[in-house]
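Architecture and fold: a report
One letter stands for each residue in the lines below.
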Amino acid sequence: MIRVAAVSDVHLGPDVTGTIRPHLAGIADHADVLLLAGDLTQHGTTDETEIVAAEFRDIGVPVVAVLGNHDYQCDSQDAITRMLQAAGITVLEGSGIVLGLPGGRLGVAGTKGFGGGFPGRCGSEFGEPEMKAFVRHSRRLADAMGTALRDLDADFRVALTHYSPVADTLAGEPPEIYPFLGSYFLAEAADSAAAELAVHGHAHAGQECGVTPGGTPVRNVALPVLRRAYAVYCLGPGGLPRASGGAESRRRSAGSSPLARTGVGEPSSGNRAFARR
Amino acid sequence: MSDAAPQAALLETMKKAADVLHRAGIPFALAGGCAAYARGGAPSVHDVDFAIREKDADAAAQAFAAGGMTAQRPPEGWLLKAFDGEHMVDLIYRLGGEPVTGELLGRAEELEVAACRMPVLSATDLVLSWLRSLSEHYADFTVPLSFVRPMREQVDWDLVRQETAGLPFARAFLVLLEGLGVIGAAGTAGGPASPDYLAGRIERALAEDPRTHELGICVTVEQGVVYLRGEAAGERRCQLIEDVARQAAPGLLIRNEVSVIEVQPPRTQEAGA
Ligand SMILES: [Fe+2]
Ligand SMILES: [Fe+2]
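Residues numbered from 1 in each chain as written. Chains lettered and ligands numbered in written order. Predicted model: local features only at pLDDT ≥ 70, side-chain atom pairs only at ≥ 80, totals over all residues. Heavy atoms only, no water.

This part takes up the overall build of chain A. When helices and strands are counted, chain A shows eight helices and 13 strands. Nonlocal contacts in chain A, meaning residues at least 24 apart in sequence, comprise 73% of its contacts between residues at least 6 apart. Carbon and sulfur atoms provide 52% of the accessible area of chain A, an area that totals close to 10,200 Å². (Helix = DSSP H or I, 4+ residues; strand = E, 2+ residues; numbered from the N terminus. Contact = heavy atoms within 4.5 Å. Areas by Shrake-Rupley, 256 points an atom, 1.4 Å probe, with all protein chains shown as cover.)

A word on the overall build of chain B. Scanning chain B from terminus to terminus reveals 10 helices and 12 strands. Going through the 273 residues of chain B one by one, you find that 45% of them count as buried. Restricting to contacts in chain B with at least 6 residues of sequence separation, those with at least 24 account for 57%. Counting every atom, chain B has about 13,400 Å² of accessible surface; 51% of that belongs to carbon and sulfur. (Buried < 20%, exposed > 50% of the residue type's maximum accessible area, 1.4 Å probe, protein only.)

Bringing the side chain of Lys112 of chain A into the picture now. Relative to the assigned elements, Lys112 of chain A resides in the loop between strand 6 (104-111) and strand 7 (117-118). When near neighbours in sequence (up to four residues on either side) are disregarded, Lys112 of chain A contacts Val66, Leu67, Gly68, Asn69, Tyr72, Glu93, His137, Leu141, Thr161, His162 and Tyr163 of chain A.

The next subject is the nonpolar core. Counting 63 residues, the largest nonpolar core has Leu30 and Phe50 of chain B as its most contacted members. If you tally residues by element for this core, the top one is helix 1 (residues 4-23) of chain B, at seven residues. Residues lining this core come from more than one domain, with at least three contributed by each of domain 1 (18-121) and domain 2 (123-190) of chain B. The next biggest cluster of nonpolar side chains, apart from the first, holds 54 residues, and it includes Leu36, Val108, Val221 and Leu223 of chain A. (Core = buried A, V, L, I, M, F, W, Y, C linked by side-chain atoms within 4.5 Å. Domains from an automatic or database assignment.)

A separate point is the sheet that holds strand 2 (residues 33-37) of chain A. Residue and element names in this part refer to chain A. Spatially, 4-3-2-1-13 is the arrangement adopted by the five strands of the open sheet, whose pairing is mixed. Only two strands of the sheet have a single neighbouring strand rather than two, namely strand 4 (89-91) and strand 13 (231-235). Averaged over neighbouring strand pairs, the angle between their axes works out to 25° when direction is ignored. Inspection of the sheet shows strand 1 (residues 2-7) paired to strand 13 by five bridges, in the antiparallel sense. Along strand 13, the bridge assignment pairs Val4 with Tyr233. (Pairing = 2+ DSSP bridges. Axes fitted to C-alpha atoms, helices over the stretch in contact; angles between N-to-C directions.)

The subject of this paragraph is the coordination of the iron ion (ligand 1). Residues and elements named next belong to chain A. In the first shell of the iron ion (ligand 1), the protein supplies Asp9 (OD), His11 (NE2), Asp39 (OD) and His204 (NE2), at 2.0 to 2.3 Å from the metal. Sequence spacing of the donor residues for the iron ion (ligand 1), all on one chain, is D-x1-H-x27-D-x164-H. Since its relative accessible area comes to 1%, Asp39 is described here as buried. (Donors = N, O, S within 2.8 Å, 3.2 Å for Na, K, Ca; no water.)

A few words now on the coordination of the iron ion (ligand 2). Residues and elements named next belong to chain A. Taken together, Asp39 (OD), Asn69 (OD1), His162 (NE2) and His202 (ND1) make up the protein donors of the iron ion (ligand 2), found 2.1 to 2.2 Å from the metal. If you look at the iron ion (ligand 2), its four donor atoms make angles of 85 to 159° with each other, and the shape they trace is irregular. The motif formed by the donor residues of the iron ion (ligand 2), counted along the single chain, is D-x29-N-x92-H-x39-H. Taken as an interatomic distance, the gap from the iron ion (ligand 2) to the iron ion (ligand 1) is 3.3 Å; Asp39 donates to each of them. With Asn69 in the loop between strand 3 (63-66) and helix 3 (77-86) and His202 in the loop between strand 10 (197-200) and strand 11 (209-211), this pair connects stretches of sequence that are 133 residues apart. According to the relative accessible area criterion, Asn69 is buried, its value standing at 19%. (Tetrahedral: all angles 85-135°; square planar, octahedral: opposite > 155°, others 65-115°.)

All names here are of chain B. Counted at 1.5 Å a residue, the expected span for helix 9 (residues 195-208) with its 14 residues is 20 Å, and the 20 Å between its end C-alpha atoms agrees. Taken as a whole, helix 9 has its buried residues at Leu198, Ala199, Ile202 and Leu206. One side of helix 9 carries all its buried residues, which in axial view fall inside an arc of 100°. Exposed and facing more than 90 degrees away from the buried side of helix 9 are Asp196, Tyr197 and Glu208. On its buried side, helix 9 packs onto strand 10 (218-222), strand 11 (225-232) and helix 10 (235-248). (Expected span 1.5 Å × (residues − 1). Arc of directions from axis to C-beta.)

For sheets, the rule is that strands pair by backbone hydrogen bonds, running either parallel or antiparallel. Residues and elements named next belong to chain A. Taking strand neighbours across the sheet as the criterion, the six strands line up as 5-6-9-10-12-11 in an open arrangement whose pairing is mixed. Each edge of the open sheet carries a strand with a single partner, namely strand 5 (95-101) and strand 11. The average angle at which neighbouring strand axes cross in this sheet is 25°, direction not considered. Relative to strand 12 (residues 217-220), strand 10 runs parallel, the two sharing three bridges. Residue pairing for strand 12: His200 is matched across the bridge by Asn220.

Everything listed is a geometric property; what it means functionally is a separate question.
What follows is the structure, encoded as structure tokens:
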């Protein structure tokens, strides 16, 4: 059993600091890893990144992050990435990492991801160069994560993104902005590797729980959604079976898949355990 | 009210009076409800107003007398009345309390009114003449509202705001126009801006202003009041959101209902198996 803690959209800055840190003492007793799903800063500056680094360094468990759109605002994403890495935080972008944890090898592949929307209501690489570039950016990021995810030599695979892979977890946001909140390319990438969990942020007004068409549980861990310092999801025996989604998930459920989805220790009794608030 | 016959007769009087002034070489411009009509308003004309300079008043009186219309100066001291049978023409030389000047008449444009071309006060000067006339004794917004609606795109509203800044009734009327969506809020580059456009502009400012970079704030504009709703990560950010919105919509009331996200501890005691 691997316990994955996650949070995102902390939007830290000199005026907003110490939001999470006080709650991280003793996190190693409750989780094996902490995932940060982007929007760690408000304005994407290196000054704010100092505060993010101080917030999440040396907490006793490995910290793996992706950046969010806010972290790109000042075109300092490379510097931000280096600063976080220097603080011991792994930053993924179209890449992956395998952590040898007591419960097994946990593989995490991540990307910021991008928008474009969901089947039936999505953009495509057609028409104006701006439209093509928009959708192509989204597709390329998702493809890179999919490749990284499939290449992981791990017992459990987690897709970590800022933008949402599914519309489920956007419920609560205005439907008109869904194409700016995520892309099904990310879900396709997670399903291509039969990931055990997909974690994202960005949709502050969304809800916590969803599932990909292939059955991968999706969790929106944006701080305004969780309203707590982090959530914990358990992977492995003892957790819930994977949701019955598409053919892929049915095939997997028939086998002895070790996937689990429990929330912050809520009794593992179905989706209610993951309902927001 | 919209009896066709008296309406037509009034417009005939208007044309006759314009002809008298034109022949006498007296600078003038159509004002009042007829001017609103000339600029696209409804043809519900109840009187005929012309603006002239005070120094031309005597010459105008003589010209009207020569044209077979009697003219008299009532005690009000800001106009001359000419009578064409039962119909009356006001020749006004103090418009909304301001003297009619050569510059004002110079800004008038030649427009066709009832098949006759004549100088008509500029839309901005017309609106100013109505707004300056509003007072405790005449605070009827209905008539100027009906005049303003069809010609709102011809008016320099920023100039109107400047010129009426010290007039409470005029300012009240402008708030009414904003609330009704007839005109945009102060700072709108000309033309009408509906509350939706205003909300869009504020939302964009909140996202793009380096002080905020806030994407999730819901902005609505109702009855000229801007409502800001949503959550921010800290107290100071709530204040900055208000500051940026205020700057994007100067002069409008802001209701800031943005709250700070409360972060609870994780429910780790329940974690595990
Ligand atoms: Fe965010
Ligand atoms: Fe975001």
